[in-house]
Amino acid sequence: MVGNDIVDIAQTKCSTNWERPGFIQKVFTAEEQSYIEASTDKFRTVWRLWSMKESAYKVFIQVGAHRFFNPTLLQCYINNSSKTGDFKKGKVQIGDMLLRTSTSLNSTYIFTTASIANSSVLTSIQILEGTTPKQQSNFMHEQLLDAVAREKSLNREALCLIKNQNGVPTLVHENTHLKNSVSITHHGSYGAYSFVSD
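Now for a quick tour of the structure. The residue numbers shown here count from 1 along each chain, following its written sequence. Local features in this predicted model are restricted to residues of pLDDT 70 or higher, and side-chain atom pairs are both shown and tallied only at a pLDDT of 80 or more, whereas totals for entire chains, interfaces and linings draw on every residue. The side-chain values count all of the structure's non-hydrogen atoms but skip hydrogen atoms and water molecules.

### Considering the packing of aromatic side chains
Point 1. The criterion for an aromatic pair is that two Phe, Tyr or Trp rings (for Trp, the six-membered ring) have centres within 6.5 Å, with stacked assigned to planes under 30 degrees apart, edge-to-face to planes over 60 apart and tilted to the rest. Under the defined criterion, the tally for this structure stands at seven aromatic pairs.
Point 2. Seen in terms of ring centroids, Phe23 and Trp47 are 6.1 Å apart; in terms of plane orientation they differ by 40°. Their pairing is tilted. With a gap of 24 residues between them, Phe23 in helix α2 (residues 23-27) and Trp47 in helix α4 (residues 42-62) connect regions that are remote in the sequence.
Point 3. Phe23 sits in the buried class, given a relative accessible area of 9%.
Point 4. Each residue is assigned to one of three classes by its accessible area relative to the maximum for its type, calculated with a 1.4 Å probe on protein chains only: buried under 20%, partly exposed between the two thresholds, exposed over 50%. A relative accessible area of 6% means that Trp47 is categorised as buried.
Point 5. Consider the rings of Phe60 and Phe68, whose centres lie 5.8 Å apart with planes at 80°: the pair is edge-to-face.
Point 6. The criterion is that NZ of a Lys, or CZ of an Arg, lies within 6 Å of the ring centre and within 35 degrees of the ring normal, and then a charge sits over that ring. A cation over a ring is seen here: Lys13 above Phe43, with NZ or CZ 5.3 Å from the ring centre. Helix and strand labels come from DSSP, where a helix needs a run of H or I of at least four residues and a strand needs a run of E of at least two; each type is numbered from the N terminus.

### Let's talk about unusual backbone geometry
Point 1. Even without being a glycine, Glu174 presents a positive backbone phi close to 50°.
Point 2. Position of Glu174 relative to the elements: it lies in the loop between β8 (169-173) and β9 (176-177).
Point 3. At Asn175, a position not held by glycine, the phi torsion is positive, near 65°.
Point 4. You can see Asn175 is positioned in the loop between β8 and β9.

### Brief notes about the environment of Tyr109
Point 1. Relative to the helices and strands, Tyr109 resides in strand β5 (residues 109-115).
Point 2. The spacing of Tyr109 and Ile162 is 53 residues in sequence and 27 Å in space, taken between C-alpha atoms.
Point 3. Two residues form a contact once any of their heavy atoms are found within 4.5 Å. Each residue touching Tyr109, except ones within four places of it in the same chain, is listed here: Ile6, Val7, Ile9, Ser104, Ile125 and Tyr190.

### Observations concerning the sheet that holds strand β6 (residues 121-127)
Pairing between the strands of a sheet comes from backbone hydrogen bonds, and it takes one of two forms, parallel or antiparallel.
Point 1. In space, the three strands of this open sheet follow the order β6-β11-β10, with antiparallel pairing throughout. The sheet is open, and its two edges are formed by β6 and β10 (182-187), each paired on a single side. Across the sheet, the axes of successive neighbouring strands diverge by a mean angle of 10°, strand direction being ignored.
Point 2. Of the strand pairs in this sheet, β6 and strand β11 (residues 190-196) are connected by seven bridges, and their pairing is antiparallel. Bridging from a neighbouring strand, Gln126 pairs with Gly191 of β11.
Point 3. Fitted lines through C-alpha atoms give the axes, limited to the stretch in contact for helices. The angle between two N-to-C directions lies from 0 to 180 degrees. Strands β6, β10 and β11 of the sheet are contacted by helix α5 (residues 133-152), whose axis makes an angle of about 35° with β11. Strand pairing is assigned whenever DSSP identifies at least 2 bridges connecting the two strands.

### With respect to the packing of helix α3 (residues 30-38) against α4
Point 1. Two elements in contact, α3 and α4, have axes separated by 8 Å at closest approach and are oriented at 150°. One finds that α3 runs roughly antiparallel with respect to α4. For the crossing formed where α3 meets α4, the hand is right-handed. Facing α3, whose interface residues are Glu32, Tyr35, Ile36 and Glu37, α4 presents Lys42, Thr45, Val46, Leu49 and Lys53.
Point 2. Each residue gets one of three labels, nonpolar for Ala, Val, Leu, Ile, Met, Phe, Trp, Tyr, Cys and Pro, charged for Asp, Glu, Lys and Arg, and polar for the others, Gly among them. When its residues are assigned to classes, the contact of α3 with α4 shows four nonpolar, one polar and four charged. Should an angle fall under 35 degrees it is called roughly parallel, over 145 degrees roughly antiparallel, and 65 to 115 degrees roughly perpendicular, with every other angle called oblique. Here is the rule for handedness: rotate from the far helix to the near one, and if that takes an anticlockwise turn smaller than a right angle the crossing is left-handed, while a clockwise turn gives right-handed.

This is how it looks when you write it as structure tokens:
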């Protein structure tokens, strides 16, 4: 299973006031608040944690859990000592489920994938085409389907993406549901897809 989330830094700086009273306490646990307080870049730490929670929540819903809005039920753990290049590792605990995360931070976006251990995840980050959320969503769906068709040597014309009753996207090829977990995200100028290749 895989979930992902992307945060466009410029868009977030323009549209979200994370420093407003009560926001940090409503969204982040005491331990997460300590990460933010100790950080030399509180803005990036806030949105890294947000991205970790969002990506993990998508996996949680994929396994059949009920939707909820209480971000403090997701506990993030940042491992700043473990990094490969620009990717930073972490974990998110939701109930008895522990998910591993990998976050890429740069000057333009923060991107996180969350997955169940031992999943082989393929990801691509794109500059979005289109200006409306619908156009951007359609663009990312097409990018994902093209990539899955290439990776699995499938007939692209027979491949589609549908959502189940919980809104979870599922790959269908020639009327057969594929077992590959997928996740799509977009925000501001950036979008990304992730899918489990095995």
